[in-house]
Amino acid sequence: MDGTARAGKQGRTHGRGGTGRARRSKRAGPPAPSGTAIGCGDDGISSSSTARPGADDVSLQKPKEVEVVVDSVTITDNRNGQTIEIPIVDGGVSAEEWSKLLPGIWFYDPAFMATACAESSITFIDGDRGILEYRGYPIQQLTEQSTYLEVAYLLLYGELPTAEQLDGWVQEITYHTFIHESMRKRFLEGFHYDAHPMGILVSAIAALSTYYPDAKNIFDPDVRHKQIIRLIAKMPTLAAAAHRYSVGMPFVYPDNSHDFPSNFLSMVLKTPESRFEADPVLVKAMDALFILHADHEQNCSTAALRVVASSQVDPYSACAAACAALYGPLHGGANEAVIRMLTEIGCLENVPDFVRSVNEGHGRLQGFGHRVYKNYDPRAKIIRDIAYEVFEVTGKNPLLDIALRLEEVALADEYFTSRKLYPNVDFYSGLIYQAMGFPVEMFPVLFAVPRVAGWVAHWVEMLEHNTKIARPRQLYVGHRRRDYVPMSSR
Ligand code: ACO
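Since the model is a prediction, treat every value here as computed from it, not as a measurement.

Bringing the overall build of the protein into the picture now. A tally of regular secondary structure across the protein gives 21 helices and 7 strands. Of all 490 residues assigned to the protein, the portion counted as buried reaches 41%. Looking at the protein alone, contacts between residues at least 24 apart form 75% of all its contacts between residues at least 6 apart.

Bringing the site of the ligand into the picture now. Taken together, 17 residues form the shell around the ligand, and within it Ala334, Arg364, Leu365, Gly369 and Arg371 come nearest. The residue makeup of the shell around the ligand, split by class, is 7 nonpolar, 6 polar and 4 charged.

Time to look at the packing of helix α16 (residues 351-359) against helix α18 (residues 399-411). Two quantities define a packed helix pair, namely the angle between the axes and the distance from one axis to the other. Where α16 meets α18, the closest approach of the two axes is 10 Å, and the angle between their N-to-C directions is 50°. The orientation of α16 with respect to α18, classified from their angle, is oblique. The hand of the α16/α18 crossing is right-handed. Residues Val351, Pro352 and Val355 of α16 lie in contact with α18, whose contacting residues are Ile402, Arg405, Leu406, Val409 and Ala410. Class assignment for the residues of the contact of α16 with α18 results in 7 nonpolar, no polar and 1 charged.

Okay, the nonpolar core next. Counting 118 residues, the largest nonpolar core has Leu201, Cys319, Cys323 and Ile432 as the members making the most contacts within it. In terms of residue count, helix α21 (residues 443-465) provides more of this core than any other element does, 14 residues in total. Not counting the four nearest positions on each side in its chain, leucine 201 is found in contact with Leu238, Ala239, Ala242, Cys323, Val445 and Ala448. With 9 residues, the next largest nonpolar core counts Ile84, Ile88, Val89 and Leu101 among its residues.

We now examine helix α13 (residues 300-309). Burial analysis of α13 places 7 of its 10 residues in the buried class, which makes it a mostly covered element. Listed as buried for α13 are Ser301, Thr302, Ala304, Leu305, Arg306, Val308 and Ala309. The secondary structure elements touched by the buried residues of α13 are α14 (315-326) and α21.

Reading guide: rules and limits
Residues numbered from 1 in each chain as written. Predicted model: local features only at pLDDT ≥ 70, side-chain atom pairs only at ≥ 80, totals over all residues. Helix = DSSP H or I, 4+ residues; strand = E, 2+ residues; numbered from the N terminus. Buried ≥ 20, exposed ≤ 12 C-beta atoms within 10 Å, placed from the backbone. Contact = placed C-beta atoms within 7 Å. Near = placed C-beta within 6 Å. Nonpolar A, V, L, I, M, F, W, Y, C, P; charged D, E, K, R; others polar. Axes fitted to C-alpha atoms, helices over the stretch in contact; angles between N-to-C directions. Parallel < 35°, antiparallel > 145°, perpendicular 65-115°, else oblique. Left-handed = near helix turned anticlockwise from the far one by under 90°. Core = buried A, V, L, I, M, F, W, Y, C linked by C-beta atoms within 7 Å.

Encoded structure:
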């Protein structure tokens, strides 16, 4: 699920189940008691790294096949003794092969705790060791040496751009930052004066599909490329517009003489001055935050994007769905929740009591815990360092000391250590955003601006790998057929 198991090459050389490596057989002897056993190797738990002597009767009868199966699991249907051996490839086993033995028996996995929904070569996470890489490049190196637009290119095309490629890419993005005037005047200004900027952004992304009907032609690579450029380029403009509108400030047009992060800061923060020049430290911090948020493999919003895009809808509608997923407090809304939590704690003395109350089941420690990271989120470490640089310019956010103390107390508490709950990306990012002058409502918007690069990279990857519609199964637990009860008899 989290991609932690990067399979050895052996699995790959044996190919997918469809190549005939998965073998179905009838076990000799009487059927086992009703039920299904999933076995890996002899003891039913460990996976085999060599041929498995005596693993099942059929393997013994077919020694040639045993020789070639390296990493595999054997599943036995105890109702009839049938077995199937499925290779473990890239850390996963094929559900298609499982279904050959067990049609109509579904994995029950509502939150995808143990289900890989895609093969992907975009982002690698090792949650136990706290590793994050985009296309194989460590996030630390990218944050220190790259720019967000360069990283967006890397996510999409798999390689770092040459100087010439980067120039062309930046040029294209820069000249697509404007939004249609009617979108600004008639659509954005139609929102209630105090609308949440994330609500505006979700709707605005969806509305883009009405301006670019050609986007429906998703199998044309040139059309696809154009929408990708538009999405990456227009996100900062829409985000800034949503902010300005929600605080009652006039819209600021993009200034194409700025670089990407400076242009965004200008559109957000510009007051009457003719040209807004953000402090270079803040520009660098903004760009680094964009890089850190650009992708995170199959997170909630990206999974939402893949499901919605699998219907072959246009990318604006799919990205709007992803953005809606990002709005939730368990996902992109957590950085907003962190600031509210720190403000509520109020002072250092209250930290131990707050941690104790979480420990006793009263709420959650926002910005802590992650489905994949069972170690310190590497992004949180980088963001903590960026915070100190930003505070040199903006002055220290008074909530920082509370956050540091909270981290210290929580990481010394058995409740958190036993559950492997560590600070995640949201724990420190809000402190920076707040120090830079963003209201808390803008925090999820700031997350969404760069995440669109990840969404479109996954969109392209998905279209190239698989065009089947995502359609999970359910375990039906309701009534079976019963006759309608007239109102008078209820
Ligand atoms: N505070 C207190 N307890 C927690 C926290 C937390 N932040 N996170 C998890 N736990 C506890 C749960 O209560 C549970 O305890 P139990 O086993 O006694 O029932 C255990 O740890 C496992 O938690 P789950 O909710 O099962 O973990 P899951 O992987 O489903 O959830 C999530 C991950 C949603 C991120 C969770 O840790 C959380 O709610 N964190 C706070 C919100 C947050 O920071 N979200 C941002 C995530 S990063 C991102 O989306 C960019």
